[in-house]
Each structure stands twice: as structure tokens, then as C-alpha cells.
Amino acid sequence: MEHGSDAGDTADTAERLALAALCDELRELRRECAVQPEEKRLLLSRIEAAARERRPILPLLDQLLGTCGADTLRGLSSSLPGAGSGRADEETFACPDGACDRVSHTVPAGPIPRCEVTGLPMTSR
């Protein structure tokens, strides 16, 4: 067994979680960064570009939020306005290309949610 693959799996999992959190909170993050200095807006643009290209975003998120590692993921999911536990509804949708683990719950027969990073419709689960 290769020990390096465990570290790679952990990094992949962290990036998937970061991408899911970013996608879930991107609208609020955009609103929050819109009233911040230009440096923050530019950094968010870099994060969005990296996410669309499926490159690592955790180091950039660390810079944006002034956090590190697991604190970044907690910060994305809890410190932004509007973050919460979601809704307990019947329809569930997932990342359109499986790049992250974001799941969106919608009202039955409601509009299909879109990936905030790519703009693509999410897929039914």
C-alpha cells in the first residue's frame, strides 16, 4: 500500500468539500466581496476561474477568508450570511459533472438548481 495515495485522497476530499461549499455559498460570497476592497473581488474572481477549470481552490480560499484548511471549510459553510442547514424537501440534485459533493434540495417540481461555479444545471439524484 502506498502511503502517498492516502494523502492524495485526503487532499482530493478536501478540495471536493471546498468546491461544494463554494458552489453552495457563491452568491453570498459574491455579495460579501462586492463591498470589500478590490483585492478581495479579484481574489474571488481567481477562485471562480480555478473552480471552473477544476484546479485546487483551497489555498486561494484560505487567502480570501484569512483561514487555513479545515477552518476554511467551516468558514464557508457557517460564517457567510444565509448559510444554514438547508431545506428538507423531496427533490435532490447534485453537481453536474461530479466534481464536488454539493447536494441541493428543492421543492417538488420546482426549478432545477444550477451550479454556481459553471452555471450548468445540476443533475437529479
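Residues numbered from 1 in each chain as written. Predicted model: local features only at pLDDT ≥ 70, side-chain atom pairs only at ≥ 80, totals over all residues. Heavy atoms only, no water.

Novice: Would you explain the overall build of the protein in this entry?
Specialist: Secondary structure assignment for the protein yields four helices and three strands. Taken from N to C terminus, the helices and strands of the protein fall in the order α-α-α-α-β-β-β. Every one of the 125 residues in the protein was classed for burial, and the buried ones make up 34%. Within the protein, counting contacts between residues at least 6 apart in sequence, those at least 24 apart form 48% of the total. Carbon and sulfur atoms provide 53% of the accessible area of the protein, an area that totals close to 7500 Å². (Helix = DSSP H or I, 4+ residues; strand = E, 2+ residues; numbered from the N terminus. Buried < 20%, exposed > 50% of the residue type's maximum accessible area, 1.4 Å probe, protein only. Contact = heavy atoms within 4.5 Å. Areas by Shrake-Rupley, 256 points an atom, 1.4 Å probe, with all protein chains shown as cover.)

Novice: Looking at this structure, I do not really get the nonpolar core. What am I missing?
Specialist: Among soluble globular proteins, nonpolar side chains are generally buried collectively. With 26 residues, the main nonpolar core has Leu22, Ile47, Ile57 and Val117 as its most contacted residues. Contributing elements (two or more residues each) for this core: helix H1 (3-34), helix H2 (38-52), helix H3 (58-65) and helix H4 (70-78). Considering each element in turn, this core owes the most residues, nine residues, to H1. Filtering out sequence-adjacent residues up to four positions away, Leu22 remains in contact with Leu29, Ile47, Ala51, Ile57, Leu61, Leu76 and Val117. (Core = buried A, V, L, I, M, F, W, Y, C linked by side-chain atoms within 4.5 Å.)

Novice: How should the sheet that holds strand S1 (residues 91-94) be read in this particular structure?
Specialist: The sheet built from three strands is open, its strands ordered S2-S1-S3 with antiparallel pairing. Of all the strands in the sheet, the pair left with one neighbour each is strand S2 (103-106) and strand S3 (123-124). In terms of strand pairing, S1 meets S2 through four bridges, oriented antiparallel. Residue pairing for S2: Glu91 is matched across the bridge by Thr106. (Pairing = 2+ DSSP bridges.)

Novice: How should the pairing of S1 be read in this particular structure?
Specialist: The side chains of a regular strand alternate between both faces of the sheet. Judged from the two bridges that link them, S1 and S3 form a sheet pairing that is antiparallel. Note on S3: the bridge partner recorded for Ala94 is Thr123.

Novice: Honestly, the pattern of salt bridges in this entry has me stumped. Any pointers?
Specialist: Opposite charge on two side chains allows them to pair when their charged atoms are near. According to the stated counting rule, one finds nine salt bridges in the structure shown. Glu53 is the salt-bridge partner of Arg55, the closest N and O atoms lying 2.6 Å from each other. Taking relative accessible area as the criterion, Arg55 reaches 44% and is therefore assigned partly exposed. Here Asp97 and Arg54 are joined by a salt bridge, their closest N and O atoms 2.8 Å apart. With Asp97 in the loop between S1 and S2 and Arg54 in the loop between H2 and H3, this pair connects stretches of sequence that are 43 residues apart. Judged by its relative accessible area of 48%, Asp97 falls in the partly exposed class. Arg54 gets classed as partly exposed once you look at its relative accessible area, which sits at 30%. Connected through shared salt-bridge partners, Arg27, Arg30, Glu48, Arg52 and Glu116 make up one network. (Salt bridge = Lys/Arg side-chain N within 4 Å of Asp/Glu carboxyl O.)

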